[in-house]
Each structure stands twice: as structure tokens, then as C-alpha cells.
Amino acid sequence: MKIQLKIWRQENAKAKGKMVDYDLPDVNPEMSFLEMLDVLNEKLIRSGDDPIEFDHDCREGICGQCGLFINGRAHGPMSATTTCQLHMRHFEDGDTIYVEPFRASAFPVVKDLRIDRSAFDRIIQAGGFISTRTGDAPEANAIPIGHQTAEDAFDAAACIGCGACVATCKNASAALFTGAKVSHLAMLPQGEPESPERAEKMVAQMEAEGFGHCTNTGACEVECPQEISIEHIARMNFEYNKAAVLEK
Amino acid sequence: MSRSLFLRDSVVRKNLMALTGLFLCLFLVIHLAGNLQLLLPAEQAQVQYNHYSELLSHNFFIKAVSYALYASILAHALYALILTRRAKQARGPQGYAYDKRGQVTPWYVRNMGVLGALLLAFIIIHMRDFWFQYKFTEMPLDAEGRKDLYTVVAVAYQQLWYVALYVVAMLVLGFHLLHGFHSAFQTLGLYHSKYNRWVKWAGYGYTFIITAGFAIIPIYMYFTQNQPLP
């Protein structure tokens, strides 16, 4: 299939970028989106041009490294799909595809489509952990956790930190990412005691990184490859408010 | 009033948006309940509504609540402005060249600020035409010697453009509430998978009653009292 691409090219963090046109006349519909970009890069390298930089790692949809804004949507038009799991068969022959980096002030472009998501790491470092050593995995029945609670906590823990929530949010809010981590630990007995304090610290870091506020539009949960619910944002708010009310 | 308490971060600011918003939601119920008296037969409505207006303007409790109300409107608008400006910075100067993000959410959810600004404009017009007149101008009196607010309202609603303005403003209010009501609960953290369906439906029901209730008054008065009162 024949594809026309319009891709964001930017030399470095300080340079001014622009959309550049590329033509790929012979794309295999079974290729993943990233494989299609690999083919384009090989072509660019052969012709002596600078290849397009983009983040990727596992290419199995679980590492959260890949994240491109494709045809106006985070991770492209499919739901519950990371960029690496998006395949060219979902496009039509002759399509023009816009490829841009995830955008937010807190996610500066490093080069081309590659962005710096270390703001997420710093949010996790601010409180997304359990302070005490909880030892090895305990015997399954030693700590009673209800099935539904385990399921809900796991749903939140499924966040891969790709940043699609921020990229798609009209306020560039990181509430779904932070909420997922706060909520995941708040629901489990190991994480629960520190929960309000954790919510406060992580929200403060989220603020310091320059992310926007949450207006509950729900766009993030639609674009999230792991389909994490905005219910977790509410749980973060609840934990945060609990801290504010009970603070000594 | 330490800075940290009211401006600490976006969650605190959003809490204030939610609390003032819900307070305004509660006010709308009381306001609508009072205004439904306008739907009574003209003579009875005139006596009762003027009596009600006088009662409200002389009640200390109502006065105190009304100041909380003005403060809430201003705080709600001010915090919206602060948050929106910050969100603009968070989005960054470079937008998307091709942007289809609108596909995943309804338009009114993304445009609460625009709807809110329109509502603020409407509130100013609304208060100038009725509240200001009642409080600060010489008004004709009714048969019982009370300020005749009823006639001022009835005369205003005999102009078709004015009725249209009110109906449009109520539609704006409706879309603002449609998202705002349950969004406030989500912001405050009062949102649970077991109950959020009920909160959502309560929000839809509330929105319908408030919007339809307020919109019906000018329409009804336009069609039933299309002649000047004595």
C-alpha cells in the first residue's frame, strides 16, 4: 500500500520544528506502525539523511515507551492500543498520515518524535512506593485481599506510563497517571497506611512539573492503552482530601 | 487564609471550583422553587411574588447567604480563569498540526469555560434588570404597597427577544450543569463505581429540571400575560 506521511522533524530541544512530507510507495499492510517507520528510516539512512528519532522498546504494548500522536489521536485511531500494536492494515491505501510527538510543556521534545517523559519518573519518586521493606511475596492467603479489590488495584497498576493521557488532555493534566499509581497502592494493605501522604506528595510533584488540572472530560480514559478508568482520579482526590482534612 | 490552603495546587483549586459550583447548584433549586410562583394566575402571582420578594430582601439569613452566593460566583469564575491560564501553559506553545482529540469527548465537556463566561454575562444582565432595579431604584408599588417586582418581570417577558435570550441562556446553563454536576463529585473524590451511575443520572435529572423549569417561566409568561397589568 502507498502511504504519504507528514512527520514532525525537530533537530533538538531548542530548535524550531516543522512537519515534513515523506512518501512510502510500498508498505506491507501487516507491518506495525513502528516497522513502517523503520522502513522509512532505512530509506533515509541509505540516502544519507538523518533518520527520524522515536521512542520504542518492547514493541509488545507493555513497556510504555512508544507513544506517537497519529492522525490527531494519541496512539492513533484504535482504542486500547499502543503505537507499536497499531498495524498498517488499519489505514487505507493512499492515506496521508500525520505523525507528531505527544505534546505538553512537561514533555519537551528531545528530537523529532522523541520526548522527555522524566516528569513521570519524578512523580513516582515523590511517593509512588511503599517506604518499608515488605519482604518477599507473601503466601497468597496470608494477607486477605478481596477478589474485586485485587482486580481494581491491578487495573490501576496496569498503567505503562506512556503519557497518552497527558497528550490528549485539553489541560495537559497528568491526573490519570498519578491517580492510577495513588489508587493502586491505596487499595492494597501494604500501600494503604501511607496513602494520604503519598497522594499529597505526588500531587505536589505533578504540580511542580507543570501539568494542568483535571476537568474530568474523560478523554484520557478513552485514549489510555490500558483503559484505566478516571475513577482512579477520584480516588486520588479522595485520598488527597483525606490528607488535607486529617492533617495534624 | 494561608496561601497554601487556597492556592496550593490544582486539586485544591478544583475542590474550590467543585464546592462553589455545588453551592450554586443548591441555590438554583431554591431560586427555581421561588420563581415557580410566577406560574400562578396573574393576580395571585403578583401578590404572592411581591410578598415573597419583600420577605427575602428583609431576611437576615437570606442576606448572609446572598453574600456567600456572590462570593461563590466570583470565586468560581476567578478560579476557572486561574486554572485555564495554567492549563494553557501546561499545553505549551506548540499545538498539534492535526488535531482530532475532539472525537472522544462531547463538545460541552471541553468548553465549560466558554459556557461559564456566557453564563457570567447572563448573570450580569439578569441582575441588572431585576436585582439592581429592586434594590436600588424607585419602583412602582402594588395594591398592597409592596415593590411591584412581578410587573417588572411580566413586562420584561413580553418582549420576544428577551424571552429568547433567557431560553438560550438556560440552554447554556443546561450544558454547563450536564458536565459540571457529576464532575464536581468526581473532583471531590465522591465517585465510586457502585454509585457513579446514580450520580450521573441524578445530574441529568437535576439538569433537566433546572433548565426546563427556568426556561418555561418566560415562555409561559410571554404567552399568557401578553397585556400590561393594571
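Residues numbered from 1 in each chain as written. Chains lettered and ligands numbered in written order. Predicted model: local features only at pLDDT ≥ 70, side-chain atom pairs only at ≥ 80, totals over all residues. Heavy atoms only, no water.

Caption draft 1: Structural view of the state of the cysteines. This model, assessed by the stated rule, comprises zero disulfides over all chains. As a non-bridged cysteine, A:Cys58 has A:Cys63 as the owner of its nearest cysteine sulfur, 3.6 Å distant. Given the relative accessible area of 25%, A:Cys58 is considered partly exposed. With no disulfide of its own, B:Cys25 has A:Cys214 as its nearest cysteine by sulfur position, at a separation of 18 Å. (Disulfide = S-S within 2.5 Å. Buried < 20%, exposed > 50% of the residue type's maximum accessible area, 1.4 Å probe, protein only.)

Caption draft 2: Up close: the packing of helix α4 (residues 60-91) of chain B against helix α6 (residues 112-136) of chain B. Residue and element names in this part refer to chain B. Running from amino to carboxyl end, α4 crosses α6 at an angle of 155°, the nearest separation of the two axes being 12 Å. With respect to their mutual orientation, α4 and α6 come out roughly antiparallel. Once α4 is placed against α6, the crossing between them reads as left-handed. The segment α4 lies against α6, with Tyr70, Ile73 and Ala77 engaging Leu120, Ile123, Met127 and Trp131. (Axes fitted to C-alpha atoms, helices over the stretch in contact; angles between N-to-C directions. Helix = DSSP H or I, 4+ residues; strand = E, 2+ residues; numbered from the N terminus. Parallel < 35°, antiparallel > 145°, perpendicular 65-115°, else oblique. Left-handed = near helix turned anticlockwise from the far one by under 90°. Contact = heavy atoms within 4.5 Å.)

Caption draft 3: Region of the structure containing the domain arrangement of chain A. Residue and element names in this part refer to chain A. Domain boundaries in chain A define domain 1 (3-111) and domain 2 (118-246). The distance between the C-alpha centroids of domain 1 and domain 2 comes to 29 Å. Contact residues are listed per partner, giving 17 residues for domain 1 and 18 residues for domain 2. Here domain 1 and domain 2 share an interface that buries about 1,300 Å² over both sides, 63% of which is from carbon and sulfur atoms. Summed over the three residues of domain 1 that lose the most area to domain 2, namely Ala80, Ala106 and Phe107, the buried surface amounts to 34% of that side. Taken together, the links from domain 1 to domain 2 amount to one salt bridge. When the shortest N-O distance is used, the salt bridge between Glu223 and Arg73 registers 2.5 Å. Across the domain 1-domain 2 interface, the total number found is one residue pair in polar contact (both at pLDDT 80 or more). Partitioned by chemical class, the residues of the side of domain 1 that touches domain 2 number ten nonpolar, five polar and two charged. (Domains from an automatic or database assignment. Buried area = accessible area lost by both parts, 1.4 Å probe. Salt bridge = Lys/Arg side-chain N within 4 Å of Asp/Glu carboxyl O. Polar contact = N/O pair within 3.5 Å; in protein donor to acceptor, adjacent residues only side chain to side chain. Nonpolar A, V, L, I, M, F, W, Y, C, P; charged D, E, K, R; others polar.)

Caption draft 4: Expanded view of the sheet that holds strand β2 (residues 18-24) of chain A. Residue and element names in this part refer to chain A. Judged by pairing direction, the sheet is mixed, and its five strands sit side by side in the order β2-β1-β5-β3-β4 without closing on themselves. Sheet topology places β2 and β4 (73-74) at the edges, where each strand pairs with a single neighbour. Strand direction decides the pairing type here: strand β3 (residues 68-70) and β4, joined by two bridges, are antiparallel. Pairing of Ile70 across the sheet is with Arg73, part of β4. Each of β1 (3-9), β2, β3 and β5 (96-101) touches helix α1 (residues 33-46); the most contacted strand, β2, lies at about 90° to it. (Pairing = 2+ DSSP bridges.)

Caption draft 5: Local environment of the pairing of β1(A). Residue and element names in this part refer to chain A. Counted residue by residue, β1 has six buried out of seven residues, so it is predominantly covered. Bridge analysis of β1 against β2 gives seven bridges, and the strand direction is antiparallel. Across the sheet, the residue bridging to Leu5 is Tyr22, located in β2. The pairing of β1 with β5 spans four bridges and is classified as parallel. Bridge pairing in β5 places Leu5 opposite Ile97.

Caption draft 6: Structural context of the pattern of salt bridges. Residues and elements named next belong to chain A. Per the stated rule, a full pass over the model turns up 20 salt bridges over all chains. Salt-bridge contacts for Lys6 lead to Asp21; the nearest nitrogen and oxygen are separated by 3.3 Å. Within this pair, whereas Lys6 is found in strand β1, its partner Asp21 is found in strand β2, the two being separated by 15 residues in sequence. For Asp21, a relative accessible area of 43% gives the class partly exposed. One network of salt bridges, with partners in common, ties together Asp50, Glu53, Lys111 and Arg114.

Caption draft 7: Focus on the interface of chain B and chain A. Taken together, the contacts link 39 residues of chain B with 46 residues of chain A. Summed over both sides, the interface between chain B and chain A buries roughly 3,500 Å², with carbon and sulfur atoms accounting for 52% of that surface. Counting the surface chain B buries against chain A, the share from its top three residues, B:Arg91, B:Tyr96 and B:Tyr98, is 18%. At the boundary of chain B and chain A, one finds two salt bridges. Put simply, A:Glu207 and B:Arg86 hold a salt bridge, and the shortest N to O gap is 3.5 Å. Taken together, the links from chain B to chain A amount to 30 residue pairs in polar contact (both at pLDDT 80 or more). Contributions of two or more residues to the side of chain B that touches chain A are made by α2 (10-35), α4, α5 (107-110) and α8 (160-187) of chain B.

Caption draft 8: Focus on the environment of A:Val27. All names here are of chain A. Counting through the fold element by element, Val27 comes out in the loop between β2 and α1. On the basis of relative accessible area, Val27 is assigned to the buried category, the value being 3%. Put simply, Val27 and Lys2 are 25 residues apart on the chain and 6.2 Å apart in space, counted from C-alpha to C-alpha.

Caption draft 9: Broad picture of the environment of A:Glu194. With respect to the helices, strands and loops of the structure, A:Glu194 is situated in the loop between α5 (175-186) and α6 (195-208). Of the polar contacts made by the side chain of A:Glu194, one reaches the side chain of A:Ser131; its length is 2.4 Å.

Caption draft 10: Molecular detail of the packing of aromatic side chains. One pass over the full model with this rule turns up 27 aromatic pairs over all chains. The interplanar angle of 85° and the centroid separation of 5.9 Å between the aromatic rings of B:Trp107 and B:Tyr108 together place this pair among those described as edge-to-face. An angle of 75° between the planes, with centres 6.3 Å apart, marks the rings of B:Phe130 and B:Tyr157 as edge-to-face. In this pair, B:Phe130 is assigned in helix α6 and B:Tyr157 in the loop between α7 (149-156) and α8, connecting sequence segments 27 residues apart. Over the aromatic face of A:Trp8 sits the side chain of A:Arg103, whose NZ or CZ is 4.2 Å from the ring centroid. When the ring centre of B:Tyr134 is taken as reference, the NZ or CZ atom of B:Lys147 above it lies at 5.4 Å. (Phe/Tyr/Trp six-rings, centres within 6.5 Å; stacked < 30°, edge-to-face > 60°. Lys NZ or Arg CZ within 6 Å of the ring centre and 35° of its normal.)

Caption draft 11: Seen up close, α1(A). Residue and element names in this part refer to chain A. Over its 14 residues, α1 extends 20 Å from the first C-alpha to the last, a length consistent with the 20 Å expected when each residue adds 1.5 Å. Regarding α1, the residues found buried are Phe33, Leu34, Met36, Leu37, Leu40, Asn41 and Leu44. Along α1, the residues classed as buried sweep out an arc of 150° about the axis, all on the same side. Seen from the buried face of α1, the exposed residues on the opposite side, beyond 90 degrees, are Ile45 and Arg46. Elements in contact with the buried residues of α1: β1, β2, β3 and β5. (Expected span 1.5 Å × (residues − 1). Arc of directions from axis to C-beta.)

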